[in-house]
Amino acid sequence: MTTTPAVIDVRGLVKRFGRFTAVDGLNLTVAPGAVHGFLGPNGAGKTTTIRVLLGLYRAAAGSARVLGMDPARQSAAINRRISYVPGDVHLWPNLTGHQCLDALAGLRGARDESAERRLTEDFALDVRKSVRAYSKGNRQKVILVAAFAAPTDLLILDEPTTGLDPLMEEVFRRCVRDAVAAGRTVLLSSHILGEVEQLCDAVTIVKDGRLVESGRLTDLRHLAASRITAQLTGPQSTTVTNGLRDLGLVNGDGAGTDLVLSVPRTQVLPVLALLARADAGDITCTPASLEELFLRHYRVAAR
Ligand SMILES: Nc1ncnc2c1ncn2[C@@H]1O[C@H](COP(=O)(O)OP(=O)(O)OP(=O)(O)O)[C@@H](O)[C@H]1O
C-alpha cells in the first residue's frame with residue numbers, strides 16, 4: 001500500500017528561547033489537500049511552530065518537513081511554494097496597495113495577475129490608495145489577495161481574519177474552499193472556532209508547546225459528549241428518570257419537563273430509544289461543538 005506523503009510533517013519539535021521552551025516535542029501532520037486547523041490558547045506555540053516551518057527559526061530538536069523539504073536547509077525553495085499570511089501585517093507605508101502587490105509578487109518571482117484582479121474585486125480592495133491610508137482590515141486584505149492569488153501549493157495562515165468584517169470573512173472562507181478545490185493545502189491557525197469548524201477537516205490542538213489532541217474533526221467530536229434535549233410531561237419524566245438511572249445516567253433536572261442531558265457517545269442510542277419509548281416531545285441530539293471540545297481539552301491540559 002502506498003501512502004501520500006504529508007505536506008507538513010513535524011515530529012518531536014523543540015524550540016527554545018533562552019531557557020524558555022516555547023515548543024516542546026510537538027507533532028503536526030497535515031495531509032495533502034486538507035484544511036488543517038491549528039488551535040491553542042495565547043502563547044501555546046503556534047506562531048513559533050509556523051516560523052520554524054518557514055525557516056525563520058532553527059529547532060533545538062526534532063524534525064520538520066514542508067512539501068518534503070527541510071526548512072532549516074531549503075527555506076528559499078519552500079517559501080517559493082508557500083503563501084504565508086501573518087496575523088500582524090506590516091506593509092510598506094509609502095506604497096499603494098497595487099505597488100505592494102507588485103512588490104510581494106516580485107519577492108516571490110511568480111505571479112497570477114488575473115487571479116489578483118479577481119481577488120482584489122472579491123475583497124472590495126481599492127488598490128490605488130496608499131498603505132498609510134489603509135485600515136487594519138485593508139492591510140490584511142492586501143496580504144490575503146497576494147497569498148490566494150500566488151501560484152503556491154501550501155497556504156500557511158496565522159490568524160488571517162483578524163480585522164476582517166463578517167462579509168469579508170465570508171469571502172475569505174470562499175477563497176479557502178476554492179484553494180482546496182484547486183488542490184492546495186491549508187494550515188489555518190485561528191481563535192475563531194466557528195471559522196475552524198466550517199473550514200477544517202482536521203485539527204491539532206496545542207497548549208504550552210505540547211500536543212493536546214489531533215485528528216479529524218468528526219473523530220474528535222465522537223470523543224466528546226452529545227447534548228440531548230426533550231420535552232416531557234410529569235409521568236414521562238418519572239419513566240425517563242428511572243430509565244436513565246438504569247443506564248447509569250442522572251437526570252440532573254429531577255422531575256422537570258425540559259430535559260437537557262450531556263450524553264457520552266456510547267449512550268446516545270440507548271437514551272434516544274428510551275425517549276422514543278416514553279413518547280417524549282421535541283427530541284434533539286447535537287454532537288459536541290468544536291468550542292466544547294476545545295474547552296474540554298484545555299481544561300484537561302490545564303490540570
Ligand atoms: N522571540 C521570542 N523570544 C522569547 N519568547 C518568545 C519569542 N517568541 C515567542 N515567545 C514565547 O513563546 C511562547 C509561544 O509563543 P507563540 O507566539 O508561538 O504563541 P501562539 O500560540 O502563536 O500565541 P497567540 O495565539 O497569542 O498568537 C509564548 O510564551 C511567547 O511569549
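By the naming in an unreviewed UniProt entry, the protein chain goes by ABC-2 type transport system ATP-binding protein and is assigned to Actinoplanes lutulentus. Taken from UniProt, the Sequence similarities (unreviewed entry) comment for the protein chain reads in full: "Belongs to the ABC transporter superfamily." Recorded under Subcellular location (unreviewed entry), the UniProt text for the protein chain is reproduced unchanged: "Cell membrane".

Is there a simple way to think about the site of the ligand in this case?
For the ligand, the set of nearby residues contains 14 residues, the closest of which are Gly43, Lys46, Thr47, Thr48 and His191. For the ligand, an oxygen atom lies 2.9 Å from a polar atom in the backbone of Gly45. Side-chain polar atom of His191 to an oxygen atom of the ligand: 2.8 Å apart, as the coordinates give it. In isolation the ligand exposes 640 Å². Once the protein is present, 62% of that is buried. Contributing elements (two or more residues each) for the shell around the ligand: β2 (20-30) and α1 (46-53). With three residues, the top contributor of residues to the shell around the ligand is α1. Residue composition of the shell around the ligand, by class: six nonpolar, six polar and two charged.

What should I look at first to understand the pairing of strand β7 (residues 185-189) in this one?
Where a strand is regular, its side chains alternate between the two sheet faces. β7 sits mainly inside the fold: five of its five residues count as buried. Alternating residues of β7 divide into Thr185, Leu187 and Ser189 and Val186 and Leu188, and every residue in both groups is buried. With four bridges joining them, strand β3 (residues 35-39) and β7 adopt parallel strand pairing. In the strand pairing of β7, Val35 is matched with Val186. Two strands pair when backbone bridges link them, and strand β6 (residues 154-158) and β7 are joined in this way by five bridges, in the parallel orientation. Its bridge partner being in β7, Leu155 is matched across the sheet by Val186.

Sorry if this is basic, but what is going on with the sheet that holds strand β12 (residues 281-286) here?
Whenever strands of a sheet pair, they do so through backbone hydrogen bonds, lying parallel or antiparallel. Strand order across the open sheet formed by three strands is β11-β10-β12, with antiparallel pairing between neighbours. Looking at the sheet topology across the chains shown, the edges are occupied by β11 (258-263) and β12. Looking at each pair of strands side by side, their axes are set apart by 10° on average, direction ignored. When strand β10 (residues 226-231) meets β11, the two strands line up antiparallel, connected through six bridges. Along β11, the bridge assignment pairs Ala230 with Leu259. Against the sheet, helix α10 (residues 268-277) touches β10, β11 and β12, its axis set at about 5° to β10.

Definitions and limits used
Residues numbered from 1 in each chain as written. Predicted model: local features only at pLDDT ≥ 70, side-chain atom pairs only at ≥ 80, totals over all residues. Heavy atoms only, no water. UniProt positions renumbered as here; feature names shortened; annotations may be inferred. Near = heavy atom within 4 Å. Polar contact = N/O pair within 3.5 Å; in protein donor to acceptor, adjacent residues only side chain to side chain. Areas by Shrake-Rupley, 256 points an atom, 1.4 Å probe, with all protein chains shown as cover. Helix = DSSP H or I, 4+ residues; strand = E, 2+ residues; numbered from the N terminus. Nonpolar A, V, L, I, M, F, W, Y, C, P; charged D, E, K, R; others polar. Buried < 20%, exposed > 50% of the residue type's maximum accessible area, 1.4 Å probe, protein only. Pairing = 2+ DSSP bridges. Axes fitted to C-alpha atoms, helices over the stretch in contact; angles between N-to-C directions. Contact = heavy atoms within 4.5 Å.

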